[in-house]
Amino acid sequence: MKKFLSKAAIVSCFIALGLTGCGNNKKDDTTAVSETEITEEATTGDAAAETEADTEEATASDSSDKVADASEMTTIDEVVEEGMVPVYADQVNDGVYDVTVSSSSSMFKIVSCELTVADGKMTATMHMSGTSYLYLYPGTGLEAVDADEADYIPFDEAEDGSHSFEFPVEALDEGIPCAAYSKNKEKWYDRTILFRVDSLPIDAFKEGVFTTVDSLGLSDGNYSVEVSLAGGSGKASVDSPADIKVENGECIATIVWSSPNYDYMVVNGEKYLPVNTEGNSVFEIPVTIFDKNMKVIADTTAMSEPHEIEYMLNFDSSTVK
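Values in this document were obtained by computation on a predicted structure and should not be read as measured data.

1. Brief notes about the sheet that holds strand 14 (residues 250-256)
Phase 1: On the basis of which strands lie adjacent, the open sheet formed by four strands has the order 11-13-14-17 and antiparallel pairing. Each end of this open sheet is capped by a strand with a single partner; those strands are strand 11 (221-225) and strand 17 (282-286). Neighbour to neighbour, the strand axes of the sheet diverge by 25° on average, direction disregarded.
Phase 2: Looking at chain direction, strand 11 and strand 13 (residues 242-247) are connected through five bridges and run antiparallel. Residue pairing for strand 13: N222 is matched across the bridge by K245.

2. A word on the packing of aromatic side chains
Phase 1: Taken as a whole and assessed by the stated rule, the structure comprises eleven aromatic pairs.
Phase 2: One aromatic cluster is present, formed by Y135, Y137, Y152, Y181 and W188 through successive ring pairs.

3. As for unusual backbone geometry
Phase 1: Look at the link from S240 to P241: it is a cis peptide, with omega at 5°.
Phase 2: With a phi close to 55°, D173 is a non-glycine residue in the positive phi region.
Phase 3: With respect to the element layout, D173 can be found in the loop between strand 8 (163-169) and strand 9 (176-182).
Phase 4: Despite not being glycine, D291 has its phi angle at roughly 65°, a positive value.
Phase 5: Assignment of secondary structure puts D291 in the loop between strand 17 and strand 18 (294-300).
Phase 6: Given the relative accessible area of 36%, D291 is considered partly exposed.

4. Structural notes on the environment of G83
Phase 1: Here G83 shows up in the loop between helix 2 (22-65) and strand 1 (95-98).
Phase 2: Of the residues examined, G83 reaches a relative accessible area of 62% and is grouped as exposed.
Phase 3: Between the C-alpha atoms of G83 and D291, which are 208 residues apart in sequence, the distance is 9.5 Å.

5. Overview of the side chain of S259
Phase 1: By the secondary structure assignment, S259 is in the loop between strand 14 and strand 15 (262-267).
Phase 2: Of note is the side chain of S259, whose polar atom sits 3.0 Å from the backbone nitrogen of N261.

6. Some words on the confidence of the model for the protein chain
Phase 1: Across the protein chain, the average pLDDT comes to 84, with 81% of residues at 70 or higher.
Phase 2: Note that residues 1-33 has pLDDT below 50 and, in this model, two contacts with residues that lie over four places away or in other chains.

7. Some thoughts on the sheet that holds strand 5 (residues 133-137)
Phase 1: Spatial ordering of the open sheet is given by 2-10-9-5-6, a layout of five strands whose pairing is antiparallel. Single-partner strands in this sheet number two, and they are strand 2 (101-103) and strand 6 (153-154).
Phase 2: Direction of pairing for strand 2 relative to strand 10 (residues 187-195): antiparallel, over a ladder of three bridges. Considered in strand 10, the bridge of V101 is made with F195.

8. Brief notes about the environment of I76
Phase 1: Within the secondary structure, I76 is located in the loop between helix 2 and strand 1.
Phase 2: Owing to a relative accessible area of 58%, I76 belongs among the exposed residues under this scheme.

9. A few points about the pairing of strand 10
Strand residues, when the strand is regular, have side chains that alternate between the two faces of the sheet.
Phase 1: Counting buried positions along strand 10 yields seven of nine residues, so the element is predominantly enclosed.
Phase 2: Strand direction decides the pairing type here: strand 9 and strand 10, joined by seven bridges, are antiparallel. Opposite S182, over in strand 10, you have K187 as the bridge partner.

10. Quick look at the pattern of salt bridges
Phase 1: Enumeration according to the criterion identifies six salt bridges in this entry.
Phase 2: Across the salt bridge formed by K292 and D173, the nearest N and O atoms sit 3.4 Å from each other. Of this pair, K292 sits in the loop between strand 17 and strand 18 while D173 is found in the loop between strand 8 and strand 9, placing the two residues 119 residues apart along the sequence. Each of the two residues, K292 as well as D173, counts as buried.
Phase 3: The shortest N-O distance in the salt bridge between E310 and K295 comes to 4.0 Å. You can see E310 sitting in strand 19 (residues 307-315) and its partner K295 sitting in strand 18, a full 15 residues away along the chain.

Procedures and definitions
Residues numbered from 1 in each chain as written. Predicted model: local features only at pLDDT ≥ 70, side-chain atom pairs only at ≥ 80, totals over all residues. Heavy atoms only, no water. Pairing = 2+ DSSP bridges. Helix = DSSP H or I, 4+ residues; strand = E, 2+ residues; numbered from the N terminus. Axes fitted to C-alpha atoms, helices over the stretch in contact; angles between N-to-C directions. Phe/Tyr/Trp six-rings, centres within 6.5 Å; stacked < 30°, edge-to-face > 60°. Buried < 20%, exposed > 50% of the residue type's maximum accessible area, 1.4 Å probe, protein only. Polar contact = N/O pair within 3.5 Å; in protein donor to acceptor, adjacent residues only side chain to side chain. pLDDT = per-residue confidence, 0-100. Contact = heavy atoms within 4.5 Å. Salt bridge = Lys/Arg side-chain N within 4 Å of Asp/Glu carboxyl O.

Pasting the structure below:
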């Protein structure tokens, strides 16, 4: 009896196994392994993504550490003035011209510059006031960090030790990003530079680029034209409309200031004295261009010492009468 019961128990076990099914047990094992693999794969993927993100963040941090932030720079000046329109190489005659360069930072000062125009391209030779920078890059500081070193612009050293850089010029009267690498700080500093149209002679530009006496077809005679003044402290003004006289293709404007304290003006490098001795200062100066800012310098004696101040005169050709 005891032996029979043992066999029955064994049979019951096999029946029980048959009910659950060996195949089912195998399937459960496989399912369990697959879920484990998926969990491990997902965990590995998340870790890889986190590692990649950390790497990108670290790279970005490393890049930013090589670029000076706002707290490390002096006051940033706006170099682009209202009404400026970019002038490109195909609008300028081939040649070499002295050009004035405005900089967004007083720590990045260009004392003189020559603009070379050839084969549809413009290049500037910028002579610096110091020797603090080892490289320039035509772009932002972050772009410079990621760029190939072969794309950096090294300095040229003159006999007197001064530095100059050959810099590509996309356009005149347009703000151009320029990253400068400091040898002392070992960081890139973001600058914006602008090559001024009004510092070039009018014959540097191709016919039709700007409005001139010739393009207006003004015959010899006396006219008037609306004129606006910008620059300085904003307190000075000039009479408008102004009288202009055209003779032998040259246009001369009579500029009447709102003050008697101007003792001379400089236009295109030429010095002009007042034509009156009493009342507000009056000058007769050439008008080389219409409908665009024309840079002039006026010396005022109103301060404790005489000061030359830069102004912009704009003669509106549509108002010529």
